[in-house]
Amino acid sequence: GAEIGKLFVWSDVEMCEEDLYCVSARPHKQYCTMNVIVCGEFPWQDAEFDMRLRANCNSFRMFDMEPLEGNYTALLERRNASGYEIRLPRQKVSDVIIELLEKNGSGLYTDSDLIGVVDVGRELTAKGYDWDKEDLDDVYVTVDFTRCSASIDIVPWNPETIDIQI
């Protein structure tokens, strides 16, 4: 599947009873940026495996921003020297996993390509990640596939760091 874009949403119902009516919009961040660092991997090395993120919600209802259940799947790509980065949409619960896959070059995988699974959602829950916040926080995930474990650091979202022009 494709990775979600950087999505900011605002929705409200206003009664316009005059010719001129102004509304101040305050879009809210509907995605979590997950920075993933893999233990034992160096930035100058080509990975010998692929990683795929799976989650349980892939969209949301337009007017109330409630997450809609559906399989969200996207491959992680190296984005910077420190590792990988992927965005995932707002979730109902932290059913989020990262799969380690045998690299096959096609991007199409079967169950036989699966090498290991890390339950990132369990760690998000343990750290108190809040999928119901108006603006979702970002996270740093350190993954150790030899132990099939992950550690999580939550990075609070700072709305002053974004400039939206319409």
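The structure under discussion appears in the preceding block.
All values reported here derive from a predicted model rather than from experimental measurement. (Residues numbered from 1 in each chain as written. Predicted model: local features only at pLDDT ≥ 70, side-chain atom pairs only at ≥ 80, totals over all residues. Heavy atoms only, no water.)

Student: Got a minute to help me understand the pattern of salt bridges in this structure?
Tutor: Between side chains of opposite charge, a pair can form when the charged atoms approach closely. A complete count under the given rule lists 9 salt bridges for this structure. A salt bridge links Glu 99 to Arg 52; the shortest N-O distance between them is 2.6 Å. With Glu 99 in strand 8 (residues 97-102) and Arg 52 in strand 4 (residues 49-60), this residue pair connects regions lying 47 residues apart in the sequence. Judged by relative accessible area, Glu 99 falls into the buried class, the value being 7%. Take Arg 52: its relative accessible area is 12%, and that puts it in the buried class. Of the charged contacts, one joins Asp 137 and Lys 133 as a salt bridge, the two residues approaching to 3.0 Å between their closest N and O atoms. Residue Asp 137 is classed as buried on the basis of its relative accessible area, which comes to 8%. By sharing partners, the salt bridges in this structure join Glu 3, Arg 79, Glu 85 and Arg 87 into a single network. (Salt bridge = Lys/Arg side-chain N within 4 Å of Asp/Glu carboxyl O. Helix = DSSP H or I, 4+ residues; strand = E, 2+ residues; numbered from the N terminus. Buried < 20%, exposed > 50% of the residue type's maximum accessible area, 1.4 Å probe, protein only.)

Student: Explanation requested: the sheet that holds strand 5 (residues 67-75) in the structure shown.
Tutor: In a beta sheet, neighbouring strands are held together by backbone hydrogen bonds and run either parallel or antiparallel to one another. Spatial ordering of the open sheet is given by 5-4-8-9, a layout of 4 strands whose pairing is antiparallel. With one partner strand each, in any of the chains shown, strand 5 and strand 9 (114-119) form the two edges of the open sheet. Across this sheet, the average inter-strand angle for adjacent strands is 25°, counted without regard to direction. In the sheet, strand 8 pairs with strand 9 via 5 bridges, with the strands oriented antiparallel. In the strand pairing of strand 9, Leu 101 is matched with Leu 114. Running over the sheet, helix 1 (residues 120-127) touches strand 8 and strand 9 and is turned about 10° from strand 9. (Pairing = 2+ DSSP bridges. Axes fitted to C-alpha atoms, helices over the stretch in contact; angles between N-to-C directions. Contact = heavy atoms within 4.5 Å.)

Student: Just to check I follow, could you spell out the nonpolar core for this structure?
Tutor: Side chains of nonpolar character tend, in soluble globular proteins, to be buried together. By size, the foremost hydrophobic cluster in this structure holds 31 residues, and its most contacted members are Met 34, Val 36, Met 51, Leu 53 and Ile 98. Among the secondary structure elements, those contributing two or more residues to this core are strand 3 (31-38), strand 4, strand 5, strand 7 (83-89), strand 8, helix 1, strand 10 (138-144) and strand 11 (149-155). Those residues within four positions of Leu 53 in sequence are excluded, and the remaining contacts are Met 34, Tyr 72, Thr 73, Ala 74, Leu 76, Ile 86, Leu 88, Val 96, Ile 97 and Ile 98. (Core = buried A, V, L, I, M, F, W, Y, C linked by side-chain atoms within 4.5 Å.)

Student: Which parts of the structure should I look at to understand the packing of aromatic side chains?
Tutor: Given two aromatic rings, their pairing is described by the distance between the two centres and the angle made by the two planes. Taken as a whole and judged by the stated rule, the model has 2 aromatic pairs. Between Phe 8 and Tyr 31, the aromatic rings sit 5.7 Å apart at their centres with planes inclined by 85°, giving edge-to-face as the arrangement. Here Tyr 31 lies in strand 3 and Phe 8 lies in strand 1 (residues 8-9), a separation of 23 residues in the sequence. On the accessibility criterion, Tyr 31 (4% relative accessible area) is buried. Between Tyr 129 and Trp 131 the ring centres are 4.6 Å apart and the planes differ by 65°, which places this aromatic pair in the edge-to-face class. Summarising the burial analysis for this pair, Tyr 129 and Trp 131 share the class buried. For the cation-ring pair, Lys 29 lies above Tyr 31, with the distance from its terminal atom to the ring centre recorded as 4.6 Å. (Phe/Tyr/Trp six-rings, centres within 6.5 Å; stacked < 30°, edge-to-face > 60°. Lys NZ or Arg CZ within 6 Å of the ring centre and 35° of its normal.)

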